[in-house]
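So the chains spell out like this:
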Amino acid sequence: MDNLTEFNRKKYNDTYNLIYETTMKQRENGSITIESLEALLRDQYIYSDLDWLGRGEIKDIVNRATVAALESILFQWKEEVKNK
């Protein structure tokens, strides 16, 4: 069980870091806006609710990490805009 837990933690962290870094690069080069980030996050919320067939634990971990990374970026971005 410990190996599975460690695998799950690694999968979450790897996914979070990938989504965070990729989205931040898009932000830096101007290929994403706050509005498009909000839309992407809304899509992820909808996707997380569409589990009537059962995605499985790994896909749920990926979805949670993706949502967390996008929420972090959106919060930081909005704070930066607000404090300008």
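S.K.: Sorry if this is basic, but what is going on with the nonpolar core here?
M.R.: Most often, soluble globular proteins keep nonpolar side chains buried together rather than apart. By size, the foremost hydrophobic cluster in this structure holds 10 residues: Met24, Ile32, Ile34, Leu37, Leu41, Val67, Leu70, Ile73, Leu74 and Trp77. Of all the secondary structure elements, the ones that give two or more residues to this core are helix H2 (34–49) and helix H3 (57–82). Those residues in contact with Leu37 that sit more than four places away from it in its chain are Thr23, Ile32, Leu70, Ile73, Leu74 and Trp77.

S.K.: Explain the environment of Tyr47 here, please?
M.R.: Relative to the helices and strands, Tyr47 resides in helix H2. Overall, the relative accessible area of 32% leaves Tyr47 in the partly exposed class. Ignoring anything within four residues of it in the chain, the contact list for Tyr47 reads Arg55, Lys59 and Asn63.

S.K.: Whenever I open this one, the packing of aromatic side chains confuses me. Can you help?
M.R.: Tallied over the entire structure, the rule returns two aromatic pairs. Seen in terms of ring centroids, Tyr12 and Tyr16 are 6.5 Å apart; in terms of plane orientation they differ by 20 degrees. Their pairing is stacked. Here Tyr16 and Tyr12 lie together in helix H1 (residues 2–28), a separation of four residues that amounts to about one turn. For Tyr12, a relative accessible area of 29% puts it in the partly exposed group. Measuring from ring centre to ring centre gives 6.0 Å for Tyr16 and Tyr20, while their planes differ by 10 degrees; the resulting arrangement is stacked. Residue Tyr16 and its partner Tyr20 are both found in helix H1; the two are separated by four residues, about one turn of the helix. For Tyr20, a relative accessible area of 22% translates into the label partly exposed. Among the aromatic residues, ring-to-ring pairing joins Tyr12, Tyr16 and Tyr20 into one connected group. Here Arg55 stacks its cationic end above the ring of Tyr47, 4.5 Å away from the centre of that ring.

S.K.: Teacher, can you tell me more about the packing of H2 against H3 here?
M.R.: When two helices pack together, their arrangement is given by the angle between the helix axes and the distance between those axes. Contact geometry of H2 with H3 gives a least axis separation of 10 Å together with a crossing angle of 155 degrees. Classified by the interaxial angle, the pair formed by H2 and H3 is roughly antiparallel. Two packed elements cross with a definite hand, and for H2 against H3 that hand is left-handed. For the pair H2 and H3, contact is made by Ile34, Leu37, Glu38, Leu40, Leu41, Gln44, Tyr45, Tyr47 and Ser48 and by Lys59, Asn63, Thr66, Val67, Leu70, Glu71, Ile73, Leu74, Trp77, Lys78 and Val81, respectively. Taken together, the residues of the contact of H2 with H3 break down into 12 nonpolar, four polar and four charged.

Cut-offs used in this document
- Residue indices begin from 1 for each chain and proceed along its sequence in written order.
- Selection of residues for local features in this predicted model requires a pLDDT of at least 70, selection of side-chain atom pairs for listing and counting requires 80 or more, and totals for whole chains, interfaces and linings are taken over all residues.
- To get the side-chain values, take all heavy atoms of the structure and skip hydrogens and water.
- To define a nonpolar core, start from buried Ala, Val, Leu, Ile, Met, Phe, Trp, Tyr and Cys residues and group those joined through side-chain atoms within 4.5 Å.
- Relative accessibility decides the category of a residue: with a 1.4 Å probe and only protein chains considered, values under 20% of the type maximum give buried, values over 50% give exposed, and everything between is partly exposed.
- Put simply, DSSP marks the helices as runs of H or I at least four residues long and the strands as runs of E at least two long, and each gets a number from the N terminus on.
- Contacts between residues were defined by any pair of non-hydrogen atoms, one from each residue, lying within 4.5 Å.
- We call Phe, Tyr and Trp rings a pair once their centres come within 6.5 Å, taking the six-membered ring for Trp, and we label the pair stacked below 30 degrees between planes, edge-to-face above 60, and tilted otherwise.
- Placement of a positive charge over a ring is assigned whenever Lys NZ or Arg CZ falls within 6 Å of the ring centre and within 35 degrees of the normal to the ring plane.
- Every axis corresponds to a line fitted to the C-alpha atoms, with the helix fit spanning only the stretch in contact, and the corresponding angles, defined between N-to-C directions, vary from 0 to 180 degrees.
- Each angle gets one of four labels, with under 35 degrees taken as roughly parallel, over 145 as roughly antiparallel, 65 to 115 as roughly perpendicular, and the rest as oblique.
- By convention the crossing between two helices is left-handed if the near helix lies anticlockwise of the far one by an angle smaller than a right angle, and right-handed if it lies clockwise.
- Throughout, the ten residues Ala, Val, Leu, Ile, Met, Phe, Trp, Tyr, Cys and Pro are labelled nonpolar, Asp, Glu, Lys and Arg are labelled charged, and all others, Gly among them, are labelled polar.

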